[in-house]
Amino acid sequence: MATEARTTGGYRDILGAPHALRLLTGTLVGRLPNGTGPIAIVLFTRAEGGSYSLAGGLTAAYGIATAVGQPLLGRAVDLKGQPRVQLPAALVSALGMIVLALAGIGHLPLAYAAVAVAGLLTPPLEGGLRALWPSVLGREDRVHRAYALDAVAQEVMFTVGPLLLTLLVALWSPAAALVVINVLGVLGALSVVVSEPSRVWRSEPREAHWLGALRSPGLLALLGSFFFVGLALGSITVAGLAYADDQGNEAAYGWLMAALGLGALIGGVAYGARHWSSAPERRLRVIVGLLALGYLPLMLTPGVVPMTALAALSGVFLAPALACGFIVVDRHAPTGTVTEAFSWLVTTFGVGAALGSAVAGPVVELSGTTAGFGVAGAGGFAALLVLLATGRVLRTPGHRTRHAVAAGGGNPGHAEKNTDPSENDRNGAVEPGFSAGHQA
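Residues numbered from 1 in each chain as written. Predicted model: local features only at pLDDT ≥ 70, side-chain atom pairs only at ≥ 80, totals over all residues. Heavy atoms only, no water.

With that out of the way, let us pick up the overall build of the chain. In terms of helices and strands, the chain carries 19 helices and four strands. Taking all 440 residues of the chain together, the buried fraction comes to 55%. Excluding contacts between residues fewer than 6 apart, the proportion of contacts in the chain whose partners are at least 24 apart in sequence is 83%. (Helix = DSSP H or I, 4+ residues; strand = E, 2+ residues; numbered from the N terminus. Buried < 20%, exposed > 50% of the residue type's maximum accessible area, 1.4 Å probe, protein only. Contact = heavy atoms within 4.5 Å.)

Listed below in structure tokens is the structure:
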């Protein structure tokens, strides 16, 4: 159930908050190396005379290392604070890519070690930003809208990032592009960690447990669902390339991917412009169901123009699913594990996307392009089935974050947890705001 947003100015209200625009921009710039990493590695390897197999191997090493490193660094952020983890990680990650750019691929163990270090030490800026929103924005409805803006900004980054990388390659070389993108990444991370919200933020005390955030059944259910959402998206990247080959039109692939991103951007903007009063767990089931349905028409594989329109339609519910998923993560993450929990979502989604690409390739070769797009539909419905099957554990969050506006001399780095559920907690309604008396 939705009504018009009651907060004056909508997204402008969020971006006008102190530090908000800086944190969002710094995070996006800081994430450029990771967002363009696989493409940059492939372009560099091919320019150095390496094979596609080597390019794929280096990219896989980078992806696996990133998947391992994100939750570990997220846990470190929760324990040690953002500046002590994010900036050193960004510096070492950039150093790994710079070593690759300078040493080349002549010594393969060094090349693999360089990309592994770069991936493993990729700073968890994405999860860190979401941990900061409560202290920066205060009211819960504004935080939820910021999650939607965050999802939209991701689509912009994954569109602009590759274009910037391509421009740098054209102006200089793939090696120079690697260096420049990673220097920009360090500057973005630096902009975030020297800001006041990042410097003063501290995670709440956490219970010592080796599973960390993964001890939450609700979070595990959500991760299982978004693994399949990632699988669906990863399969489209391969099936879309096969479609372009079938059409004899290389440009068609670019149109499909751009349309997918445009659809997600439009959907995210529309989702964040509304005030939602329904329980986010229930709302997520509806959104993921619509996302799954949107993938099915791709199996029709019509001409390029209608196919591009279908690609845009299939992307409409992606950003809303991510934005709603962020809210559910926040509600189910155990106390003191919020950055780690968000990092696990990034990891799970990325692993799913990698597997989707790996699965779609043989499916396309054996059964054709239509079957490749069928993998996306199957992934979407598998994500929905996980949410339906785990409805009981998702129904009741382990805690609820009471976002408050820091007042007086309070520390804006903390968000108070209320473990005594109110009626709003039980029905999932969003409270319009919280008293400034609750020091964040």
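A word on the environment of W201. Take W201: it is sitting in the loop between α10 (196–200) and α11 (217–247). Side-chain polar atoms of W201 contact the backbone oxygen of A131, separated by 3.4 Å. (Polar contact = N/O pair within 3.5 Å; in protein donor to acceptor, adjacent residues only side chain to side chain.)

The next subject is a nonpolar patch on the surface. Together, V286, L290, L293, L296, M299 and F381 make up an exposed nonpolar region whose accessible area comes to about 470 Å². Looking at the nonpolar patch element by element, the count peaks at three residues for helix α13 (residues 280–295). Residue position: F381 is located in helix α17 (residues 369–389). (Patch = residues over 30% accessible without salt bridge, like charges linked within 9 Å, V, L, I, M, F, W, Y side chains within 5 Å. Areas by Shrake-Rupley, 256 points an atom, 1.4 Å probe, with all protein chains shown as cover. Salt bridge = Lys/Arg side-chain N within 4 Å of Asp/Glu carboxyl O.)

So, on to the environment of I41. Looking at the element boundaries, I41 is found in helix α3 (residues 32–47). A relative accessible area of 0% means that I41 is categorised as buried. Separated by 14 residues in sequence, I41 and A55 place their C-alpha atoms 6.7 Å apart. With residues near it in sequence (within four places) discarded, I41 still touches A55, L58, T59, Y62, M97 and V115.

As enumerated under the stated definition, the model contains five aromatic pairs in all. Judged by centre distance (6.0 Å) and plane angle (75 degrees), the ring pair of Y147 and F326 falls under edge-to-face. Of this pair, Y147 sits in helix α8 (residues 140–171) while F326 sits in helix α15 (residues 318–332), placing them 179 residues apart in sequence. F326 carries the same exposure label as Y147, and that label is buried. When the ring of Y271 is compared with that of W276, the centres are 5.2 Å apart and the planes differ by 25 degrees; the resulting orientation is stacked. (Phe/Tyr/Trp six-rings, centres within 6.5 Å; stacked < 30°, edge-to-face > 60°.)

Two elements in contact, α8 and α15, have axes whose closest approach is 8 Å; the angle formed by their N-to-C orientations is 135 degrees. Accordingly, the angle class assigned to the pair α8 and α15 is oblique. Like other packed secondary-structure pairs, α8 and α15 cross with a definite hand, here right-handed. Between α8, through H144, Y147, A148, D150, A151, Q154 and E155, and α15, the contact on the second element is made entirely by L318, A319, L322, A323, F326, I327 and D330. (Axes fitted to C-alpha atoms, helices over the stretch in contact; angles between N-to-C directions. Parallel < 35°, antiparallel > 145°, perpendicular 65-115°, else oblique. Left-handed = near helix turned anticlockwise from the far one by under 90°.)

The next thing to look at is the confidence of the model for the chain. On average, residues of the chain score 83 in pLDDT, and 86% of them are at 70 or above. Between residues 1–8, whose pLDDT stays under 50, and residues either more than four places distant or in other chains, the model counts 22 contacts. Below a pLDDT of 50 lies the segment residues 400–440, which in the model reaches 91 contacts outside its immediate sequence neighbourhood of four places, other chains included. (pLDDT = per-residue confidence, 0-100.)

This part is about the side chain of T45. Looking at the secondary structure, you find T45 in helix α3. Judged by relative accessible area, which is 0%, T45 ranks as buried. Polar side-chain contacts of T45 include one of 2.7 Å to the backbone oxygen of I41. For T45, the residues in contact, after removing those within four places along its chain, are G50, S51, L54, A55, L58 and I105.

Ranked by internal contacts, the top residues of the largest apolar core, which has 97 residues, are L100, W133, L137, F226, L284 and Y295. Of the residues forming this core, the biggest block, eleven residues, is contributed by α11. In contact with L284, not counting residues within four places along its chain, are L222, F226, A321, C324, G325, V328 and L387. (Core = buried A, V, L, I, M, F, W, Y, C linked by side-chain atoms within 4.5 Å.)

At a minimum axis distance of 9 Å, the contact between helix α5 (residues 83–103) and helix α9 (residues 174–193) shows a crossing angle of 175 degrees. Between α5 and α9, the angle is such that the two are roughly antiparallel. Taken together, the residues of α9 that come into contact with α5 (itself represented by P83, Q86, L87, A90, L91, S93, A94, M97, I98, L100 and A101) are A175, L178, V179, N182, V186, A189, L190 and V193.

So, on to α11. Helix length check: α11, at 31 residues, gives a terminal C-alpha distance of 45 Å against a target of 45 Å (1.5 Å per residue), a fit within 8%. G248 lies just past α11 and shows a positive phi near 65 degrees. (Expected span 1.5 Å × (residues − 1).)

Taken as a whole and assessed by the stated rule, the structure comprises six salt bridges. In this structure, R31 engages E126 in a salt bridge whose closest nitrogen and oxygen atoms are separated by 3.2 Å. Here R31, found in the loop between α2 (20–30) and α3, pairs with E126, found in helix α7 (residues 125–137); they are 95 residues apart in sequence, far enough to count as distant. Its relative accessible area of 9% is what places R31 among the buried residues.

We now examine the side chain of T348. Tracing the backbone shows T348 in helix α16 (residues 338–367). With residues near it in sequence (within four places) discarded, T348 still touches L223 and F227.

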